Each structure stands twice: as C-alpha cells, then as structure tokens.
Amino acid sequence: MTRRKLAVTLLGCAAFGLIGCGEIDQKAKVEKVYAGKKDTRAAEDPRFGGDRKKWEATLAERSKGQNEYLRTEIK
Amino acid sequence: MARMKFICDAERCIECNGCATACKNEHEVPWGVNRRRLITVNDGKPGERSMSVACMHCSDAPCMAVCPVDCFYKTEEGVVLHDKDLCIGCGYCFYACPFGAPQFPQAGAFGLRGKMDKCTFCAGGPEENHSKAEFTKYGRNRIAEGKLPACAEMCSTKALLAGDGAVIESIYKTRVQRRGKGDEIWGWAMAYKRGDALASGVKS
C-alpha cells in the first residue's frame, strides 16, 4: 500500500514537473497595421503608366548592369 | 519580383565613402544624419575590411514591430518605409534596429530629437511621387524613375549591389566563384563553422 502511494505521489510529481516544460506562446496578439498615409506605387509613375511589367523589366536591366562580367567579357 | 535588397561585398569595398556621399547629395540629407555609413574592422591591420551599412529593409523588420504609432509600412518590393507625419521621434526603432539605421536630426536645443530619418532604398515615401513634399521629407524617388539606389549605382568597385534579391545574389555568387571558391561558400558550414574547420575541409 505504501509502495503504491509512493508510486502515485512520484507519478503525480513527475506530471506536475512536466508543466515546466511547456512553452507559453509569446507572439504578439495584436496585428500591427500601418496607420499612415497611402503611398503611390513605383510602377504608377507616368513614365511607366502603371505598367508594372515594364517597370520591373527596366529595374532588372539596371540591376544586371551591376555585373561587370557581362560587360567586360567577350561572348 | 522578389524583394529589394542590398549586398556589400567586403572583399571589394575600398572605404572610399562614395556611397555615403552619393546618398547625402542625392537626398540633400541634413547635417548629422547619415542614412548610409562605412564600418571598418581591423583598421590599419592585416585583414582590414570595410562594409557599407544602411537600412537592410529586413523581411521581419524589428523597427516595424516596436513602433508605438505604427508609422512603418512595407512596399510590394519589400522596401521598409515610414510616414514622417506620424513619427513621434521616440527612438524605439533605433534601439530595435541591429544596424543602427534610424537616424534622428537634432530638432532644437538640449538635444531634442526630430522625426526619424533612414534609408528609403531611394523609394521616397508616402507622398505624391516626385513632389516637393516627398523630396523634402524622404529624398528623391529613384525607384519610381526605374533606377537603383544612388549609393549602389555610384559605387566604383561595385562592392555595393542593390536590386532584386535574386539578381544581386547571382551576381555575388558568380563573383565569389571566380575568386576561386566553389559551393562551399553557401550553407551551414560557411555561416557557422570556424575558419580552420573550413580550411581543413570539414563538412557540417
């Protein structure tokens, strides 16, 4: 009987100890929402006329221009 | 399009300050505010390296998370911008930023802080594109003109690369492989292993 009580007590302690292994969710509950003014999108500039693909192509071309291997090596 | 990013190649940077100067000139940034600056390690010693640092336009930006007035927003291209009309100059973003990007102009006597100013990736801010208000508050909007940030375009050694993350990553990768390194430059071992372990060819 005493053994049984001891086993139950130990199991109870172990189960209680496991609570410490839990992890409390620390993620912020409140979603951050931008409260300021609306911005105009870059592609809406008159020179691109809202054509995002054209704007992206222009920027990609310019980005590739940073690779001097493309400019200096004989193809 | 992926996210807009900066990469600074420490092997190429010669600490000329061309990027910082280009930024200052392009946006007429006030005295005491440095949207971009140079960091040098091992100055004057063998192994000296320099790195151009500004706002890195983080994917999960800590400045956005801590702002009490929610004045930060992210454009479709991943550029982190803020509304100066809403900013209260509290400085929380400065403490949160691991790069020291937010800058505060002195707005009066006794060290009074003005509204936060930082690199905009030359994408202006929440004002009409190319308007006087946009230029005064945020600087020139080169992105809407189809151009890259002035700092990267000015860089004489092309140490500082800016643009679509995928494009500049491929430029940088090609460059490092040409220097005589291969695939070991990517992954866990390069990021976390010690130099001697890498040299002896120990893989993760």
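These lines cover the structure that appears in this document, whether it is placed above or below. (Residues numbered from 1 in each chain as written. Chains lettered and ligands numbered in written order. Predicted model: local features only at pLDDT ≥ 70, side-chain atom pairs only at ≥ 80, totals over all residues. Heavy atoms only, no water.)

Scanning chain B for helices and strands turns up eight helices and six strands. Sequence-ordered secondary structure for chain B, helices as α and strands as β, is β-α-β-β-α-β-β-α-α-α-β-α-α-α. Taking as baseline every contact in chain B between residues at least 6 positions apart, the subset at least 24 positions apart corresponds to 50%. Looking at chain B as shown, the accessible area adds up to about 10,100 Å², and 56% of this sits on carbon and sulfur atoms. (Helix = DSSP H or I, 4+ residues; strand = E, 2+ residues; numbered from the N terminus. Contact = heavy atoms within 4.5 Å. Areas by Shrake-Rupley, 256 points an atom, 1.4 Å probe, with all protein chains shown as cover.)

To continue, consider helix 1 (residues 18–27) of chain B. Residues and elements named next belong to chain B. The buried fraction of helix 1 is high, at seven of 10 residues. For helix 1, the set of buried residues is Gly-18, Cys-19, Ala-20, Ala-22, Cys-23, Glu-26 and His-27. One or two steps after helix 1, the chain reaches Glu-28, where phi turns positive at roughly 50°. (Buried < 20%, exposed > 50% of the residue type's maximum accessible area, 1.4 Å probe, protein only.)

All names here are of chain B. Under the definition given, this model contains three aromatic pairs over all chains. Considering the side-chain rings of Phe-6 and Phe-121, the 4.6 Å spacing of their centres and the 45° angle between planes classify their relative orientation as tilted. Placement of the pair is Phe-6 in strand 1 (residues 4–8) and Phe-121 in the loop between helix 3 (92–96) and helix 4 (132–138), with a sequence separation of 115 residues. Assessed through its relative accessible area of 7%, Phe-6 is described here as buried. Relative to Tyr-95, the ring of Phe-94 has its centre 6.0 Å away and its plane inclined at 70°; by these criteria the two rings are edge-to-face. Exposure remark for Phe-94: the relative accessible area of 38% places this residue in the partly exposed category. (Phe/Tyr/Trp six-rings, centres within 6.5 Å; stacked < 30°, edge-to-face > 60°.)

As a further point, take unusual backbone geometry. For Glu-28 of chain B, which is not glycine, the phi dihedral falls at a positive 50°. Notably, Asp-70 of chain B is not glycine yet its phi reads approximately 50°, a positive angle.

A word on the nonpolar core. Formed by 30 residues in total, the largest nonpolar core has its most connected members in Trp-55 of chain A together with Met-4, Phe-6, Val-79, Phe-121, Ile-143 and Leu-160 of chain B. Contributing elements (two or more residues each) for this core: helix 2 (52–64) of chain A together with strand 1, helix 5 (150–154) and strand 6 (160–164) of chain B. Discounting residues that sit within four places of it in the chain, Leu-160 of chain B has contacts with Gln-66 of chain A together with Phe-6, Ile-7, Cys-8, Cys-19, Arg-36, Ser-52, Cys-151, Ala-152 and Cys-155 of chain B. In terms of nonpolar packing, the next biggest core, distinct from the first, is built from 10 residues, Val-80, Cys-93, Phe-104 and Met-116 of chain B among them. (Core = buried A, V, L, I, M, F, W, Y, C linked by side-chain atoms within 4.5 Å.)

What follows is about the interface of chain A and chain B. Across the boundary between the two partners, chain A contributes 27 residues, which contact 46 residues of chain B. Across the chain A to chain B interface the summed buried area is about 2,900 Å²; carbon plus sulfur atoms make up 49%. Counting across the chain A and chain B interface gives eight salt bridges. The salt bridge involving Glu-68 of chain A is made with Arg-175 of chain B; its shortest N-O contact spans 4.0 Å. Along the contact surface separating chain A from chain B lie 15 residue pairs in polar contact (both at pLDDT 80 or more). Contributions of two or more residues to the side of chain A that touches chain B are made by helix 2 and helix 3 (68–72) of chain A. Within the side of chain A that touches chain B, the residues separate by chemical class into eight nonpolar, six polar and 13 charged. (Buried area = accessible area lost by both parts, 1.4 Å probe. Salt bridge = Lys/Arg side-chain N within 4 Å of Asp/Glu carboxyl O. Polar contact = N/O pair within 3.5 Å; in protein donor to acceptor, adjacent residues only side chain to side chain. Nonpolar A, V, L, I, M, F, W, Y, C, P; charged D, E, K, R; others polar.)

It is worth spelling out the side chain of Ser-63 of chain A at this point. Of note, Ser-63 of chain A is situated in helix 2. Not counting chain neighbours up to four residues away, the residues in contact with Ser-63 of chain A comprise Leu-148, Ala-162, Gly-163, Asp-164, Val-167 and Ile-171 of chain B.

For Ser-131 of chain B, the location among the structural elements is in the loop between helix 3 and helix 4. Residues Ser-131 of chain B and Phe-99 of chain B lie 32 residues apart in sequence; the distance between their C-alpha atoms is 29 Å.

Attention now goes to the pattern of salt bridges. Note on pairing: side chains with opposite charge can pair once their charged atoms come close. In this structure the tally under the stated criterion is 23 salt bridges over all chains. A salt bridge links Glu-44 of chain A to Arg-41 of chain A, with the shortest nitrogen-to-oxygen separation between them at 3.7 Å. Using a relative accessible area of 42% as the deciding quantity, one classes Glu-44 of chain A as partly exposed. On the basis of relative accessibility, which here comes to 41%, the residue Arg-41 of chain A falls in the partly exposed class. Measuring nitrogen to oxygen at the nearest pair gives 3.0 Å for the salt bridge that ties Asp-9 of chain B to Arg-175 of chain B. Here Asp-9 of chain B is found in the loop between strand 1 and helix 1, whereas its partner Arg-175 of chain B is found in helix 6 (residues 165–178), with 166 residues between them in sequence. Where salt bridges share partners, they join Arg-62 of chain A together with Glu-26, Arg-140, Arg-142, Glu-145, Lys-147 and Glu-153 of chain B into one cluster.

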